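# What the coordinates show
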Amino acid sequence: MTKEKIKQIVLDIIAEIAPDEELTDVKPEVRLRDQLDLDSMDFLDIVMELRKQHGIDVPEAEYRELESLDSCANYLLPKFEAAAAA
Amino acid sequence: MSGNHYDVVVIGAGLSGLSAATRLGMFGKKVLLLEKHYVVGGLNSFYAKKGRKFDVGLHALTNFPSEHSGKKSPLLKLCRQLRIPFESLDLQPQSHSKILFPDRSLHFTNNFDYFVDQIQQNFATSFNAFQHLLQKMESFPAYSVNAEELSTRTVLQESGIDPLLAEMLLCPTCYYGSAQSNDIDFPTFVMLFDAIFRQGLARPRNGIRAILDPLCKKLKELGVERRMNTAVKRLHSKNNKIEEIELESGESIFADQIISTCGVVETELILGNDYASNEHPEVGDFSVIESISVIEGKPTDYGWDETVIFFNDSEKFHYQCPEDYVDLRSGVICLPQNYQLNSDCSEFKLRITHPANFSKWEGLTEKSYLSEKEHFQDKILQNGLEYLDNSKINKNFFTQKILVRDTFTPKTIKRFTSHENGTLYGSPTKTRDGSTFYQNLFLAGTDQGYIGIVGAMLGGIAIANNQILRAG
């Protein structure tokens, strides 16, 4: 698993839950909320899809770690690696 | 896990129950959806008569995201949450609607500026006070679960706007969502004001089934089990937890969590002697009668181009359970055909709604029920025509243009919704976050205080998200 792959996984999830958003120019270092029309309900869906599709658990207190694609990659990489090792 | 054990049981397949079950099914919960009636939709259901399809509740879908109100509509939010493409609703925006009082009328469209302009023209001396009221409404946390339940009547009085304008603003907002008599709580008023005036009215081209059918299809694909004609007899509890759901058939069902959408009062009833809280919700009593006439031609042939007309016969708005069968002094007229103004049609529906008394209708024998219905059907139509442009109508000739008529009463509403007293908007007691005395029982739907089709759906989604999915 690489950080780039994780960013793509998150983008694919966003495409699924918010099909009306334009995702080609999402800047990885900028907060997702600042460039896309996403609210707390959408972030819940990102978390739920990570659990459903990849068995990754994100506790509610750590939702803010998902604020940008870069922070998603940093935060989720160890979780994906742990899941792969298990 | 055995066959009669579920992660979540959802009671009621109205819009809040369907929405909650969809969200839970999407994320792998084992869900059972129970419905007492033989059709889904609850208040927003449908039926067929003489080869024609009728919607029960749907006058209008509020919160239409028009070019003026932009992308912020909760309607877009709920489509996203349920993963239903917004375009699939095939929404037809209203032509225009009006609030009609003696000697004064306010027109509105899906452009809020037009409505503000109407108020400026009709109530020039109140316009400053009205603008302050708008600011107050914008800064009021109406959508928060902790919003303060102020009386709208009091807020409007204190705002200094013309008393007639206050009555005219109460009229559509009460009709589209108040469980109280002659008032509406302020958070609900603000939400409905946004939903009706700031956003706007629309209707799916195919009526309520444009929403119900995709939800039912999705539930099936997600493996959510749905049982119709299945009433819950009792919820059995132990140590403030619901342990068993007993069906009318005698069967027992077990669930980790339960979402009841049947209403706060109705949920108390199925708890029976197990109801352990000292707080009793207030029983609502606001219900309506609606008379529908299917008429030959197009509405514009008769000079009718409005979509919805909220009317009242005097300067003081009447909104309460009447002492008589029906209160003809105020009501709502809806011409669903005028969501597609000037489109071709050979016949159209005229729907006229008035406050009505459940106990009076309930107390009638079968035979007198039918004759009273017949009697009021005529009165309602004659009365309603007074609020429409009747200059083009030849009264003797007009009756021949009526192809079919049907009327539903508070008894019909009870049959579809199971609400005590056939209430349209449930109990005046609202629990916004859906929590109850029981740790695994949550309420969703009308008694959460989120109103209308959009409100019911968002309410169901919010309970599924916040009380069940977030917790893991």
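Given the structure is predicted, the values throughout are model-derived calculations rather than measurements. Throughout this description, residue numbers start from 1 for each chain and increase along the sequence as written. Throughout, the order in which chains and ligands are written sets their labels, letters from A for the former and numbers from 1 for the latter. With pLDDT at 70 or above as the cut-off, local features in this predicted model cover only qualifying residues; side-chain atom pairs require 80 or more to be listed or tallied, and sums for whole chains, interfaces and linings still use all residues. Note that water and hydrogens are dropped before the side-chain values are worked out from all heavy atoms of the structure.

## Brief notes about the side chain of B:Glu35
All names here are of chain B. Spelled out, the test is: The helix count covers DSSP runs of H or I at least four residues long, the strand count covers runs of E at least two residues long, and both are numbered beginning at the N terminus. Only protein chains enter the calculation, and the probe is 1.4 Å; a residue is then buried if its accessible area is under 20% of its type maximum, exposed if over 50%, and partly exposed in between. Under the convention used here, Asp and Glu are negative, Lys and Arg are positive, and both His and the chain ends fall outside the count. Salt bridge, as applied in this entry: a Lys or Arg side-chain nitrogen positioned within 4 Å of an Asp or Glu carboxyl oxygen. Should any heavy atoms of two residues lie within 4.5 Å, those residues are counted as being in contact.
In this fold, Glu-35 is placed in the loop between strand 2 (31-34) and strand 3 (46-49). One buried charged residue, Glu-35, remains without a salt bridge, the closest side chain of opposite sign being Lys-36 at 8.3 Å. Setting aside chain neighbours within four positions, we find Glu-35 in contact with Gly-12, Ala-13, Gly-14, Arg-227, Met-228, Asn-229 and Thr-230.

## A look at the packing of helix 4 (residues 127-139) of chain B against helix 7 (residues 186-199) of chain B
All names here are of chain B. Heads up, the condition is: Axis definition: a line fitted to C-alpha atoms, over the contacting stretch in the case of helices. Angles run 0 to 180 degrees between N-to-C directions. In what follows, roughly perpendicular refers to angles from 65 to 115 degrees, roughly parallel to angles under 35, roughly antiparallel to angles over 145, and oblique to any angle outside these ranges. Residues were grouped as follows: Ala, Val, Leu, Ile, Met, Phe, Trp, Tyr, Cys and Pro as nonpolar; Asp, Glu, Lys and Arg as charged; and all remaining residues, including Gly, as polar.
Across the interface, helix 4 lies against helix 7 with an axial gap of 10 Å and an inter-helix angle of 110 degrees. Comparing the axis directions of helix 4 and helix 7 gives the class roughly perpendicular. Here Phe-130, Leu-134, Lys-136, Met-137 and Glu-138 of helix 4 come into contact with helix 7, specifically with Phe-186, Phe-189, Val-190, Phe-193 and Arg-198. Looking at the contact of helix 4 with helix 7 residue by residue, the classes come out as seven nonpolar, no polar and three charged.

## So, the pairing of strand 4 (residues 52-55) of chain B
All names here are of chain B. The line we're drawing: Note on pairing: DSSP must find at least two bridges between two strands before they are called paired.
Pairing analysis gives four bridges linking strand 3 to strand 4, with the strands arranged antiparallel. The residue bridging Tyr-47 from the neighbouring strand is Phe-54, located in strand 4. Hairpin connection of strand 3 to strand 4: two residues between the antiparallel strands, including Lys-50 at a positive phi of 45 degrees.

## Quick word on the interface of chain A and chain B
Rules: Joining two parts hides part of their accessible area as seen by a 1.4 Å probe, and the buried area is that hidden amount summed over both.
Listed as interface residues are 19 residues of chain A and, on the opposing side, 15 residues of chain B. Surface buried jointly by chain A and chain B totals about 1600 Å² across both partners, of which 43% is contributed by carbon and sulfur atoms. The three residues of chain A that bury the most area against chain B are A:Met41, A:Leu44 and A:Met48, which together make up 33% of that side's buried surface. At the junction of chain A and chain B, the tally comes to nine salt bridges.

## As for helix 5 (residues 152-159) of chain B
Residues and elements named next belong to chain B. Cut-off, in case you're wondering: Each C-beta atom gives one direction from the helix axis, and the arc is the one those directions make. Any pair of N or O atoms that falls within 3.5 Å is considered a polar contact. Within protein, one atom must be able to donate a hydrogen and the other to accept it, and sequence-neighbouring residues count only if both atoms are side-chain atoms.
If you check which residues of helix 5 are buried, you get Thr-152, Arg-153, Val-155 and Leu-156. The buried residues of helix 5 occupy an angular sector of 165 degrees when projected down its axis, which confines them to one face. Opposite the packed face of helix 5, turned more than 90 degrees from it, sit the exposed residues Gln-157 and Glu-158. Tucked inside the fold, the buried residues of helix 5 contact helix 4, helix 6 (163-175) and helix 7. For helix 5, the N-terminal capping position is held by Ser-151, with its side-chain oxygen 3.3 Å away from the main-chain nitrogen of Arg-153. Following helix 5 by one or two positions, Gly-160 adopts a phi angle in the positive range, close to 85 degrees.

## Side note on the pairing of strand 13 (residues 287-296) of chain B
Remark: a regular strand shows side chains that alternate across the two faces of the sheet. All names here are of chain B. Where burial is concerned, most of strand 13 is hidden: nine out of the 10 residues are buried. As judged from the 10 bridges shared by strand 13 and strand 16 (residues 347-356), these two strands associate in the antiparallel manner. Directly across from Glu-296, in strand 16, lies its bridge partner Glu-347. Sheet analysis places strand 13 next to strand 17 (residues 402-408), joined by six bridges and oriented antiparallel. Looking at the pairing, Ile-295 lines up with Ile-402 of strand 17.

## Considerations on the sheet that holds strand 17 of chain B
Residues and elements named next belong to chain B. Taken together, seven strands build an open sheet; the order of strands is 7-6-14-15-16-13-17 and the sheet is mixed. Strand pairing shows two members of the sheet lacking a second neighbour, strand 7 (104-108) and strand 17, which therefore form its edges. For this sheet, the mean inter-axis angle between neighbouring strands, taken without regard to orientation, is 15 degrees. Most of the contacts of helix 6 go to strand 6 (residues 97-101), to which it runs at about 130 degrees, and overall it touches strand 6, strand 7, strand 14 (308-312), strand 15 (330-334) and strand 16. Relative to the sheet, helix 13 (residues 410-417) contacts strand 13, strand 16 and strand 17, its axis offset from that of strand 13 by approximately 100 degrees.

## A word on the pattern of salt bridges
All told, the structure shown has 34 salt bridges over all chains when counted by the stated rule. Across the pair A:Asp45 and B:Arg83 runs a salt bridge whose closest N-O atoms are separated by 3.3 Å. Remark: B:Arg83 occurs in the loop between helix 2 (74-82) and strand 5 (91-93) and A:Asp45 occurs in helix 3 (residues 40-54); the pair is interchain, linking two chains. According to the relative accessible area criterion, A:Asp45 is buried, its value standing at 1%. Linked by salt bridges that have partners in common, A:Glu16, A:Asp45, A:Glu49, A:Lys52, B:Arg23 and B:Arg83 make up one network.

## Notes on the confidence of the model for chain B
Defined as follows: One confidence number per residue, pLDDT, is output by the predictor and ranges from 0 to 100.
Of the residues in chain B, 99% reach a pLDDT of 70 or more, and the chain-wide mean stands at 93. Interface confidence in the predicted complex, given as ipTM, is 0.91; pTM for the same model is 0.93.

## Some thoughts on the packing of aromatic side chains
Centre distance and the angle of the planes are the two values used to describe a pair of aromatic rings. Residues and elements named next belong to chain B. Spelled out, the test is: Paired rings are identified among Phe, Tyr and Trp, the last through its six-membered ring, by centres lying within 6.5 Å, and are further divided according to the angle between planes into stacked (under 30 degrees), edge-to-face (over 60) and tilted (the rest). Distance and angle both matter: a charge sits over a ring if NZ of Lys or CZ of Arg is within 6 Å of the ring centre and within 35 degrees of the ring normal.
This structure, assessed with the given rule, holds 29 aromatic pairs over all chains. Look at Trp-304 and Phe-348: their rings are 6.2 Å apart centre to centre, the planes differ by 80 degrees, and that puts the pair in the edge-to-face class. Of the two residues, Trp-304 sits in the loop between strand 13 and strand 14 while Phe-348 sits in strand 16, which places them 44 residues apart along the sequence. A relative accessible area of 2% places Phe-348 in the buried class. Taken together, Phe-108, Phe-112, Phe-115, Phe-140, Tyr-176, Phe-186, Phe-189, Phe-193, Phe-197 and Phe-310 form an aromatic cluster joined through their ring pairs. The ring of Tyr-450 carries the charged tip of Arg-432 above its face, separated from the ring centre by 5.9 Å.

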